[in-house]
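Topology and contacts: notes
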Amino acid sequence: KEVVKELPPQVVTCTLADNKFSGIIREGPLGTQFLDCADAKYEWGTGIKYEGPFVASKIQGTGKFLWPDGASYEGELQNGKRHGQGVYVASEGPSRY
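Overview of the structure. Note that the coordinates shown come from a computational prediction; the quantities given were computed from them, not determined experimentally. (Residues numbered from 1 in each chain as written. Predicted model: local features only at pLDDT ≥ 70, side-chain atom pairs only at ≥ 80, totals over all residues. Heavy atoms only, no water.)

Below, the discussion takes up the overall build of the protein. A tally of helices and strands in the protein yields 0 helices and 10 strands. Counting helices and strands in the order they occur from the N terminus, the protein gives β-β-β-β-β-β-β-β-β-β. Here the protein has a C-alpha radius of gyration of 16 Å; the compact-globule value for 97 residues is 13 Å, and the former is much larger. In terms of principal-axis extent, the alpha carbons of the protein reach across some 65 × 25 × 20 Å. Expressed as a percentage of its 97 residues, the buried residues of the protein come to 23%. The long-range share in the protein, meaning contacts at least 24 apart out of those at least 6 apart in sequence, stands at 5%. Summed over its atoms, the accessible surface of the protein is roughly 7000 Å², and 52% of this surface lies on carbon and sulfur atoms. Treating the 11 positive side-chain charges of the protein as one cloud and the 12 negative ones as another, the clouds have centres 2 Å apart. (Helix = DSSP H or I, 4+ residues; strand = E, 2+ residues; numbered from the N terminus. Rg over C-alpha atoms; globule rule 2.2 N^0.38 Å. Buried < 20%, exposed > 50% of the residue type's maximum accessible area, 1.4 Å probe, protein only. Contact = heavy atoms within 4.5 Å. Areas by Shrake-Rupley, 256 points an atom, 1.4 Å probe, with all protein chains shown as cover. Lys, Arg positive; Asp, Glu negative; His and termini not counted. Charge placed at Lys NZ, Arg CZ, Asp CG, Glu CD.)

Right under this line is the structure:
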């Protein structure tokens, strides 16, 4: 009997639609796939960048958004939105939440 050893998840870099993703893509039931990585990078075609965790394809946890105009947000996120504590730095200067 051949023993099949599961390999640990590998970090991949790929294009999803017009967006770039670097992180782990896991296999789900019935051949589904989802983004699931504690330290992923995602860049939308518009130039917005995200660095941080994905949980079941959702932006969740503590991460950082960077906008093309120089604005940024670093802090807590839930379902891809600012939630909890964080620092938003507009192109004009910082604001605390």
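Inspection of every chain in the model, using the stated rule, returns 9 aromatic pairs. Centroid distance Tyr 50 to Phe 65: 5.1 Å. Interplanar angle 45°. Geometry classified as tilted. Taken together, the residues span a long stretch of sequence, with Tyr 50 in strand 5 (residues 49-55) and Phe 65 in strand 7 (residues 61-66) at a distance of 15 residues. The residues Tyr 50 and Phe 65 share a single accessibility class, namely buried. With a centroid separation of 5.7 Å and an interplanar angle of 25°, the aromatic rings of Phe 65 and Trp 67 are classed as stacked. On the basis of relative accessible area, Trp 67 is assigned to the partly exposed category, the value being 28%. Geometry around Tyr 73 places Arg 82 over its ring, the cationic atom sitting 5.7 Å from the centre. (Phe/Tyr/Trp six-rings, centres within 6.5 Å; stacked < 30°, edge-to-face > 60°. Lys NZ or Arg CZ within 6 Å of the ring centre and 35° of its normal.)

This paragraph deals with the pairing of strand 9 (residues 81-90). Bridge analysis of strand 8 (residues 72-78) against strand 9 gives 6 bridges, and the strand direction is antiparallel. Residue pairing in the sheet places Gly 75 in a bridge with Gly 86 of strand 9. From the end of strand 8 to the start of strand 9, which pair antiparallel, there are 2 residues, and Asn 79 there has a positive phi angle of about 55°. (Pairing = 2+ DSSP bridges.)

Positive phi, close to 60°, is recorded for Ala 17, a residue that is not glycine. Considering the arrangement of structural elements, one finds Ala 17 in the loop between strand 1 (11-16) and strand 2 (19-27). Unlike most non-glycine residues, Asn 79 shows phi in positive territory, near 55°. Relative to the elements of secondary structure, Asn 79 occurs in the loop between strand 8 and strand 9.

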